[in-house]
Amino acid sequence: MKPTESESVGGEFSFETTSSDVEVTWGERLRDFYEEFIYKPGVVAWNDRRTKIGGAILTVYVVMAIASLFYRQPTSNQAARGLHPFTIWSAPLGSTASGEDVLAMVIHATPSMLIMIATGGVFATGVAVVIGTVAGYKGGLIDRGLTSFSDVMMSIPGLPLVMVLAVVFEPTNPAIIGVLITVNYWAGLARAIRSQVLTLRENSYVEASRTMGASTPRILFKDIIPNLMPYVLVNFANAARYVVFTSVGLYYLGILPTSVANWGLQLNNAYKQAGALVGTGALYQLVIPMLAIMGIALALILLSQGLDRVFNPRVRTRLAGGSESTASETGDETTASNEVMT
Amino acid sequence: MNYYVERTIRALLTVWLVITLTFGMIRLLPGGPLVQLRAELSRQGYSASRINALIENYQNVQPDQPLYVQYFDYVTSLLQGDLGQSITNPNSVASIIGDALPWTMFIMITSVILIFAIAIVWGAVMAYREGSTFDMASSSVSILLGSMPFYVLAIGLVVLFSYKFQILPARYRTSPGVEAGLSVKFVVDALRHAALPIASLVITGAGLQALAMRGNSISVLGEDYVRVARLRGLSDRRISTRYVARNAILPMYTGFLTLIGFYFGGSPILEEVFTYPGIGYYLFQALENRDYPLMMGIFLVITIALVLSVYIADLTYGKIDPRIKSGESSEAY
């Protein structure tokens, strides 16, 4: 008999009602949340050079996305043809052979890219957390089923699957593209989370919740998932980078609809005439989208590497000024794992 | 032994599921491949019975049969190695793949071996000099290289080495007119054509792997058994090769085999940039021309390559690392 299913529903006796004299108010809860998830990580993040640089670069892209609301759309013949960068003010980054403003092309590609990153990252980590925690916590037949399912999804090659699906469905909405790209990316992450949950579920506070008759979802949300947040956030950044690489690659190949602005399309247009560009010094048409892609990927790598430290409890307590006794333990932070396998 | 049987069954199950998935995608999607193909053929003025015969030839399904018969036909012909007939190419899907696959494998396997050789040495040196200027600079360089998608570097290399300096060829597997065979001329020519694709994978891939190796080595260096080995007065050389290197490399082994599969998946972009007719190039061509039999055939082959490499990794990992136990917890809450 599973203890989780013997939860008392009647309300005549419950552990929660007995503790009502020390009930936390919503205000306190919000303040706790602010302390735990915004203030302390913020302090540590600001102390880590990697997250500082990564955050700064990412801010540039957000500014670009906002600027795209006000800046003109790229169309042909809006500027003189083949302008080099930094020659005139109306098209600071130059123009293409068909007279499109390169800056406008770069800027207008940003909002949909950010939407793709966000939805892809949320989808991949969200599915991975649900499947990984349930499989790891429940064990037995459910674990076996979910693990086999993730194994199968993991074994299907990501990019070709996405290519085939993109051709069949021809998605245009960036949010859908983001989900499509991570359609099986979550599987590897779910496996990793499962193995972490296997150790977490043995903790005494989890056992305490279980004996008190808390429901499985409650245990997962209150006891298990908060412990996984650091890992999940690091992998959110990794998933986001995967979305950038894959989506730009798909746009470059022309598999996703070519009617929108994207750095991959710029890259494709420039590369098709690369032979002609070399002699004329017009390589900026190739370099500018490359820089745009690399910038956002760099920001995401730096964030994922830095966040690894942000959630290391020792570093965090020390920097946020929580405890004096741990201040001397500096040796541990360098061993923060660098799992950055692509 | 039980573990091996279970693992084999799981690998076969995955391949079967992917076969079923491809069948489902070809057959069941509204407005999917078969519907489009039929519309295309009837536009070209074929009669209804002729269209059915053509579709049977292309895809090994008889559209007028009930669904389970079609499925059975599809699976049995796949098991016989018959992947159908390409629509745009006069050759059968199986012969196209047979011609292209060795070239892709050559590029991918060479690249991954190079990536790991570089990553292990570089990462170990970084870990050994942890905190030094070399470590800082190397970490920064690895992150910078890792932020570059391989196709972006590939484009850069083509522009630089093929167009600007004109040292290395920009496209194809070999120069036209060079006969395949074990002659020096052929080998040198093939290597020259493979140099840029391999370089773009290795340069962008090695950095992040080196960082992973660095992390592994640093955590091994902190282990008790390394301290004990030092106290026992073992030589530095013995400690670094027997104690640190072995334990730091072990976790990377699975990554090694799965990375081959991962790069196989990335081959369409790489081979399109270099116009290198491997399976990725044909997959891209098939997608562009809506050549569904070829597309699904290559998709299956890439999947099998990936399943196989993960399978080998799982089976051999226990042999390499004796600590791995395959026992699974059956405790349920």
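Residues numbered from 1 in each chain as written. Chains lettered and ligands numbered in written order. Predicted model: local features only at pLDDT ≥ 70, side-chain atom pairs only at ≥ 80, totals over all residues. Heavy atoms only, no water.

Asks: Whenever I open this one, the interface of chain B and chain A confuses me. Can you help?
Replies: The figure often quoted for interface size is the accessible area lost as the parts come together. Tallying the contact residues gives 58 residues for chain B and 58 residues for chain A. Carbon and sulfur atoms make up 73% of the area that chain B and chain A hide from each other, which totals about 5,300 Å². Remark: the boundary between chain B and chain A carries 2 salt bridges. Taken together, chain B and chain A are joined by 4 residue pairs in polar contact (both at pLDDT 80 or more). For the side of chain B that touches chain A, the elements supplying multiple residues, two or more each, are α1 (2–27), α6 (133–146), α7 (150–164), α8 (184–221), α10 (236–273), α11 (279–288) and α12 (292–320) of chain B. In terms of residue count, α10(B) provides more of the side of chain B that touches chain A than any other element does, 9 residues in total. Classifying every residue of the side of chain B that touches chain A gives 37 nonpolar, 12 polar and 9 charged. (Contact = heavy atoms within 4.5 Å. Buried area = accessible area lost by both parts, 1.4 Å probe. Salt bridge = Lys/Arg side-chain N within 4 Å of Asp/Glu carboxyl O. Polar contact = N/O pair within 3.5 Å; in protein donor to acceptor, adjacent residues only side chain to side chain. Helix = DSSP H or I, 4+ residues; strand = E, 2+ residues; numbered from the N terminus. Nonpolar A, V, L, I, M, F, W, Y, C, P; charged D, E, K, R; others polar.)

Asks: Help me understand the UniProt feature "transmembrane region" (unreviewed entry) in chain B, please; the structure alone is not making it clear to me.
Replies: Those places that UniProt annotates as "transmembrane region" (unreviewed entry) correspond, in this numbering, to residues 12–29, 103–128, 140–163, 194–212, 244–264 and 292–313 of chain B. The annotated region residues 194–212 of chain B carries 100% helix and 0% strand content, and the separation between its end C-alpha atoms amounts to 27 Å. (UniProt positions renumbered as here; feature names shortened; annotations may be inferred.)

Asks: In this structure, what is going on with unusual backbone geometry? I would like to understand it.
Replies: Generally, phi is negative for residues other than glycine and the peptide bonds are trans, each holding for most cases. Residues and elements named next belong to chain B. Positioned with a positive phi, Gln-166 is a non-glycine residue whose angle comes to about 55°. Here Gln-166 is to be found in the loop between α7 and α8. The backbone of Thr-275 sits at a positive phi, close to 45°, despite the residue not being glycine. For Thr-275, the location among the structural elements is in the loop between α10 and α11.

Asks: Honestly, the domain arrangement of chain B in this entry has me stumped. Any pointers?
Replies: Residues and elements named next belong to chain B. Domain annotation of chain B identifies domain 1 (3–80) and domain 2 (99–320). Computed over C-alpha atoms, the centres of domain 1 and domain 2 are 34 Å apart. Facing the 17 residues of domain 1 at the interface are 14 residues of domain 2. Viewed at the interface, domain 2 and domain 1 are joined by 0 salt bridges. Our enumeration of links across domain 1 and domain 2 arrives at 1 residue pair in polar contact (both at pLDDT 80 or more). The dominant element in the side of domain 1 that touches domain 2, judged by the number of residues it contributes, is α1, at 12 residues. (Domains from an automatic or database assignment.)

Asks: For this particular structure, what's the right way to read the pattern of salt bridges?
Replies: Once the charged atoms of two side chains with opposite charge are near each other, the side chains can pair. Evaluation of the coordinates by the stated rule reveals 9 salt bridges over all chains. For Asp101(A), the salt bridge goes to Arg72(A), with nearest N and O atoms at 2.9 Å. Within this pair, whereas Asp101(A) is found in the loop between α3 (49–67) and α4 (102–138), its partner Arg72(A) is found in the loop between α3 and α4, the two being separated by 29 residues in sequence. Classification of Asp101(A) as buried rests on a relative accessible area of 0%. The closest approach of N and O atoms between Arg201(A) and Glu202(A), which form a salt bridge, is 3.4 Å. According to the relative accessible area criterion, Arg201(A) is buried, its value standing at 2%. Here the salt bridges share partners, and the residues they tie into one network are Arg144(A), Asp151(A), Arg191(A), Glu6(B) and Arg10(B). (Buried < 20%, exposed > 50% of the residue type's maximum accessible area, 1.4 Å probe, protein only.)

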